[in-house]
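Inside the fold
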Amino acid sequence: MLRDAFRLNETALKGPAASLPLHYDDSDQKGSANDLALARAQVERIVRVSGLEMNFVLIATASTPASAQVVNGQRIIFFDPRFMARVANAACPDWGAMSVIAHEVGHHLGGHTLRASTTPWKDELEADEFSGFVLARLGASLVDATSAAATILPEAATPTHPGRADRLKAITYGWQNAHAQELTELAVSRIDHKITPQPQPNFVAHPLRAPGDRSSFVSRMILYGDKLDYYVDDGARIVGYDGQSHPIGEKAAATTTSFAWTFRAQNVQYEVDFSGKVYTRLPSGLLREVGVVTAMTPPAAR
């Protein structure tokens, strides 16, 4: 059994759990179904933005705050729900516990749990860097990504763990790398598609035409990285096209004056600004550009 434990400054963790709609239970040592579901949801989000498989077992325990272990060939993340609740309360309700989980996932993905470490500091900093990278991809600000480490990590180093300052630098480096990567991906997408956003007028909702009514496409929508072609018709519908038309959603009046219109597809809310750029709002509340509305042109090569 190989193990890494997250070393923490317990004096920073006094107080009740944060009052969130879905949060770890501050009074439950064994872990409830809610605790396990929340931990699994966090790991799933982490591996999704990493392009990896969800092949981890989550086990709630009171024996260690958080640790990554391999037992009988199975990747396991142990966590104490009470500890996670206190991290959320002391650091950042939305991202504090997530950063701890991401750190442990980073140990597994870095292969640290498959060998006896001869460079424990290097392993910890790699896991911290992964945590910063993942949280940035999920929409956390730099303050969010470093909130838990800045609040609960001990300042002094130990034989197995670097001090707080070095670990904060590693998290920051990972966050900055992810941010730079996103900017590069966005620039490449714009160049590859050779697109020019089409200015959008403010949309005022009106009765939609009956489904059987003839309609024609008036503009095209490109979502970066999505192979499906999207079009907006003159009946305010959003249609996906891959040789056949697929209803995706419909235009609706914008909820704020910053946007021209909005639409919802597959449980994701999209906002279109007056310049024709398409955005989604990340869990952090930040907006991320994900596409553009442009004039009708032949499908761009993807």
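Everything discussed here concerns the structure shown above.
Just so it is clear, the structure is predicted and the values come from calculations on it, not from any experiment.

Focus: the overall build of the protein
Helix and strand counts for the protein stand at six helices and 13 strands. Residues classed as buried in the protein amount to 44% of the 302 residues present. Across the protein, the fraction of contacts at a sequence separation of at least 24, relative to all contacts at a separation of at least 6, is 58%.

Focus: helix 1 (residues 33-50)
The end-to-end C-alpha separation of helix 1 is 26 Å, in line with the 26 Å expected for 18 residues at 1.5 Å each. Where helix 1 is concerned, the buried positions are D35, L38, A39, Q42, V43, I46 and V47. Down the axis of helix 1, the smallest arc covering the buried residues is 160 degrees, so these residues share one side. In this structure, helix 1 carries A33 and R48 as exposed residues pointing more than 90 degrees from its buried face.

Notes on the pattern of salt bridges
If you walk through the whole model with that rule in mind, you get seven salt bridges. A salt bridge links E44 to R40; its shortest N-O distance comes to 3.1 Å. Here E44 and its partner R40 are both found in helix 1, four residues apart, which amounts to about one turn of the helix. Note that K122 is salt-bridged to E126, the shortest N-O span being 2.5 Å.

Description of the sheet that holds strand 5 (residues 217-223)
Read from one edge to the other, the open sheet built from nine strands follows the order 8-7-6-5-13-12-11-10-9, with strand pairing classed as antiparallel. Of all strands in the sheet, those with a lone pairing partner are strand 8 (245-250) and strand 9 (252-253), marking the two edges. Alignment of strand 9 against strand 10 (residues 261-265), held across two bridges, turns out to be antiparallel. Across the sheet, residue A252 finds its bridge partner in strand 10, namely T262.

Things to note about helix 2 (residues 81-90)
Here helix 2 has its buried residues at P81, F83, M84, A85, V87 and A88. Looking at the buried residues of helix 2, the elements they touch are helix 1, strand 2 (57-60), strand 3 (66-71), strand 4 (74-79), helix 3 (96-109) and helix 5 (142-152). A distance of 3.0 Å separates the backbone nitrogen of R82 from a side-chain oxygen at the start of helix 2, and that oxygen is part of D80.

What to know about the environment of A37
Here A37 is to be found in helix 1. Judged by its relative accessible area of 45%, A37 is partly exposed. Separated by 21 residues in sequence, A37 and L58 place their C-alpha atoms 9.1 Å apart.

Some words on the packing of helix 2 against helix 3
Following both chains from N to C, one finds helix 2 and helix 3 inclined at 125 degrees, their axes separated by 7 Å at the closest point. Judged by the inter-axis angle, helix 2 sits oblique to helix 3. Here F83, M84 and V87 of helix 2 come into contact with helix 3, specifically with G96, A97, V100 and I101. Its residues assigned to classes, the contact of helix 2 with helix 3 shows six nonpolar, one polar and no charged.

Some words on the packing of aromatic side chains
Tallied over the full model, the rule gives four aromatic pairs. On the basis of an interplanar angle of 15 degrees and a centroid distance of 4.8 Å, the ring pair of F217 and Y231 is categorised as stacked. One end of the pair, F217, is in strand 5; the other, Y231, is in strand 6 (residues 229-233), with 14 residues separating them in the sequence. Taking 4.8 Å as the distance between ring centres and 10 degrees as the angle between the ring planes, the aromatic pair formed by F263 and Y270 counts as stacked. Looking at F263, the relative accessible area reads 3%, which means it is buried. An aromatic cluster of at least three residues, connected via ring pairs, comprises W261, F263 and Y270. Here the guanidinium or amino end of K251 rests over the ring plane of W261, the centre of that ring lying 4.7 Å away.

About the criteria used
- Residues numbered from 1 in each chain as written.
- Predicted model: local features only at pLDDT ≥ 70, side-chain atom pairs only at ≥ 80, totals over all residues.
- Heavy atoms only, no water.
- Helix = DSSP H or I, 4+ residues; strand = E, 2+ residues; numbered from the N terminus.
- Buried < 20%, exposed > 50% of the residue type's maximum accessible area, 1.4 Å probe, protein only.
- Contact = heavy atoms within 4.5 Å.
- Expected span 1.5 Å × (residues − 1).
- Arc of directions from axis to C-beta.
- Salt bridge = Lys/Arg side-chain N within 4 Å of Asp/Glu carboxyl O.
- Pairing = 2+ DSSP bridges.
- Polar contact = N/O pair within 3.5 Å; in protein donor to acceptor, adjacent residues only side chain to side chain.
- Axes fitted to C-alpha atoms, helices over the stretch in contact; angles between N-to-C directions.
- Parallel < 35°, antiparallel > 145°, perpendicular 65-115°, else oblique.
- Nonpolar A, V, L, I, M, F, W, Y, C, P; charged D, E, K, R; others polar.
- Phe/Tyr/Trp six-rings, centres within 6.5 Å; stacked < 30°, edge-to-face > 60°.
- Lys NZ or Arg CZ within 6 Å of the ring centre and 35° of its normal.

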